[in-house]
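As a plain string of letters, each chain reads:
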Amino acid sequence: MRSTGFRRTYVAIGVCSALALAATACGSSDDDAADGKTRITVNCEPPKSAKVDRKFFDADVAAFEKQNPDIDVVPHDAFPCQDPKTFDAKLAGGQMEDVFYTYFTDAGHVVDINQAADLTPYLKELKSYGTIQKQLRDIYTVDGKVYGIPRTGYSMGLIYNRKLFGKAGLDPDKPPATWEEVRADARKIAALGGGTVGYADYSAQNQGGWHFTAELYSQGGDVVGPDGRKATIDTPEGHAVLQNLHDMRWTDDSMGSKQLLVINDVQQLMGSGRLGMYLGAPDNIPILVKEKGGDYKDLALAPVPGGKGTLIGGDGYMFGKKDSPAQIRAGLKWLDHMFLTPGSGFLGDYARSKQNDAPVGLPEPRLFTGAADAKDQQLKKANANVPVDNYQAFLDGNQQLQMKIEPPNAQQIYSVLDGVVSAVLTKKDADIDQLLEDASGKIDSILARS
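Residues numbered from 1 in each chain as written. Predicted model: local features only at pLDDT ≥ 70, side-chain atom pairs only at ≥ 80, totals over all residues. Heavy atoms only, no water.

A. Structural context of the side chain of Gln259. Among the structural elements, Gln259 can be located in the loop between α9 (236–251) and α10 (263–271). Within the local environment of Gln259, its side chain forms a polar contact with the backbone oxygen of Met255, the two atoms lying 3.2 Å apart. Residues contacting Gln259, with those up to four places away along its chain left out, are Ser203, Arg249, Leu425 and Thr426. (Helix = DSSP H or I, 4+ residues; strand = E, 2+ residues; numbered from the N terminus. Polar contact = N/O pair within 3.5 Å; in protein donor to acceptor, adjacent residues only side chain to side chain. Contact = heavy atoms within 4.5 Å.)

B. Representation of the packing of aromatic side chains in the model. For the coordinates displayed, the defined rule picks out 13 aromatic pairs. Geometrically, the ring pair formed by Trp334 and Phe339 is edge-to-face, given 5.5 Å between the ring centres and 85° between the ring planes. Note on accessibility: Trp334 and Phe339 belong to one class, buried. Taken together, the ring pairs in this structure connect Phe57, Tyr101, Tyr103, Tyr317, Trp334, Phe339 and Phe346 into an aromatic cluster. Of note, Arg352 hangs over the ring of Phe56, and the distance from its end group to the ring centre comes to 4.2 Å. (Phe/Tyr/Trp six-rings, centres within 6.5 Å; stacked < 30°, edge-to-face > 60°. Buried < 20%, exposed > 50% of the residue type's maximum accessible area, 1.4 Å probe, protein only. Lys NZ or Arg CZ within 6 Å of the ring centre and 35° of its normal.)

C. Region of interest: the pattern of salt bridges. Scanning the entire structure with this criterion turns up 17 salt bridges. In this structure, Asp60 engages Arg352 in a salt bridge whose closest nitrogen and oxygen atoms are separated by 2.9 Å. Taken as a pair, Asp60 in helix α2 (residues 51–67) and Arg352 in helix α14 (residues 350–355) lie far apart in primary sequence, 292 residues in all. A relative accessible area of 9% means that Asp60 is categorised as buried. Salt-bridge contacts for Asp315 lead to Arg151; the nearest nitrogen and oxygen are separated by 2.9 Å. One end of the pair, Asp315, is in strand β11 (residues 309–319); the other, Arg151, is in strand β6 (residues 148–155), and 164 residues separate them in sequence. Several salt bridges share partner residues, and in doing so they unite Glu45, Arg54, Asp58 and Asp77 into one network. (Salt bridge = Lys/Arg side-chain N within 4 Å of Asp/Glu carboxyl O.)

D. Quick peek at the sheet that holds strand β7 (residues 157–161). The sheet built from 4 strands is open, its strands ordered β8-β9-β7-β10 with mixed pairing. Sheet topology places β8 (197–199) and β10 (299–303) at the edges, where each strand pairs with a single neighbour. With direction set aside, neighbouring strand axes in the sheet form an average angle of 25°. Direction of pairing for β7 relative to strand β9 (residues 275–280): antiparallel, over a ladder of 4 bridges. (Pairing = 2+ DSSP bridges. Axes fitted to C-alpha atoms, helices over the stretch in contact; angles between N-to-C directions.)

E. The arrangement of the layout of surface pockets in detail. Estimated volume of the largest pocket: approximately 1,400 Å³. Lining the largest pocket are 44 residues, and of these Thr105, Asp106, Pro407, Pro408 and Asn409 sit closest to its centre. Mapped by element, the contributors of at least two residues to the lining of the largest pocket are α3 (87–92), α4 (107–112), β4 (141–142), β11, β12 (402–404) and α17 (410–426). Top contributing element to the lining of the largest pocket by residue count: α4, with 4 residues. Of the residues that constitute the lining of the largest pocket, the class distribution is 19 nonpolar, 16 polar and 9 charged. (1 Å grid on protein atoms, 1.4 Å probe; cavity = no way out; pocket = protein on both sides within 12 Å on 5 of 7 lines; lining within 4 Å. Points joined across faces, edges and corners; volume = space filled by probe spheres on them. Nonpolar A, V, L, I, M, F, W, Y, C, P; charged D, E, K, R; others polar.)

F. Layout of the environment of Tyr202. Locating Tyr202 in the fold gives a position in the loop between β8 and α8 (207–218). Of the residues examined, Tyr202 reaches a relative accessible area of 1% and is grouped as buried. Residues Tyr202 and Asp418 lie 216 residues apart in sequence; the distance between their C-alpha atoms is 8.7 Å.

G. Structural view of the environment of Pro325. As for its position among the elements, Pro325 is in helix α12 (residues 325–339). Sequence separation between Pro325 and Gln392 is 67 residues; the distance between their C-alpha atoms is 43 Å.

H. Inspection of the packing of α9 against helix α18 (residues 432–449) at higher detail. Orientation of α9 relative to α18, taken along the N-to-C sense of each, is 135°, at an axis distance of 10 Å. It follows that α9 is oblique to α18 by the angle criterion. For the pair α9 and α18, the sense of crossing is right-handed. Note on element contacts: α18 touches α9 through Ile432, Asp433 and Leu436, opposite Gly238, His239, Leu242, Gln243 and His246. Taken together, the residues of the contact of α9 with α18 sort by class into 3 nonpolar, 4 polar and 1 charged. (Parallel < 35°, antiparallel > 145°, perpendicular 65-115°, else oblique. Left-handed = near helix turned anticlockwise from the far one by under 90°.)

I. Spatial organisation of the side chain of His211. In this structure, His211 sits in helix α8. Owing to a relative accessible area of 1%, His211 belongs among the buried residues under this scheme. With residues near it in sequence (within four places) discarded, His211 still touches Met156, Asp201, Tyr202 and Leu279.

J. Here's a closer look at the state of the cysteines. If you walk through the whole model with that rule in mind, you get 1 disulfide. Between the sulfur of Cys44 and that of Cys81 lies a disulfide, 1.8 Å long from S to S. Because the sign of the S-S torsion sets the handedness, a value of about 70° for the bond joining Cys44 and Cys81 places this disulfide among the right-handed ones. Taken together, the positions of Cys44 in the loop between β1 (38–42) and α2 and Cys81 in the loop between β2 (71–75) and α3 put the pair 37 residues apart, joining distant regions of the chain. We note that Cys44, like Cys81, is buried. (Disulfide = S-S within 2.5 Å.)

Structure, rendered in structure tokens:
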């Protein structure tokens, strides 16, 4: 699943429009523009409806072209950045941009179908490459070769309401670190009454399966084995996830009576001050404030409880198989300029974001390491307009967790797991053993067909 948005007010967009496709293919093996420049097409330009982001993006492209007068960047905008319904067809039909947006989970697939350029010989053109977290770089590395560059990343955390923690007699500066502590704190919060919910979870539209996966990772489990052929949910860790949800729902009555919730329902509860905790990424926080009525000072973030692992997601750019060496070099320079230089570019110009009333100081994306990370965090803190102390526990604790991406065939698997989670939350007598056994068989069938 995607997170709800990355940094600022940015909207994920960028597939070629029908008009553009009618005129020309998005991608091009012709790297020379009419004036002799190296020409690259890129996607994920904000649409005209996102006026501020569009203005920033276009200004950054113009600045890049001024610094590199031998390169012509042609951005394409549409919604979304990547449409799963057309993604493979565009690749196969040669209609993809020269430099194209991908989710982390796409990397292996694009390489498998032989549509990605090998960037390994050109990495010296990307000044920032060595500063990017290795575990994120590795997502785009297949058999020792680099096929893509991370642009943003997120990891799941525990979003909680400091105000409700205080009312329930809990210490807002000591969020729960284990699922046992989540359960205990949820009981106290729900006991406040007035429709207050201690802990909420998704259980519909594949989002229940997504969160089951995150909670399984947190306990050290996995959805699919290392060979990618068999489900590994019918395990003590899988049972623990479901038993905990069952007990909070039916024994403690700390999850409320309304179930089959999706992200909007849970955000609405949190924004209105009636929810104590839920799993989410940092980019939920500005949505809770700007769209759901929340207050930054009341909203805090902690690592996912459990201490073993956390689900990560994010995006990056890959390059078309037919790109010329000149296009690859130009595209890597463009990525450095636009996204991968702390303190500047579309995602890193915190001063510009602050001036335009966009949230600065959220704990992610945390893309860099070493001196680059230190500079990025320093600049972010200097321009912060949100209470950064509320997220320190997340920043500190996340460094100790294993970062794990979504399983293969994620959406199909999430659909299966949705039924498991929804059954546990809507049926008091749900048979957890049978649910996991049945779901394992269905996941095995999905994997066998892939």
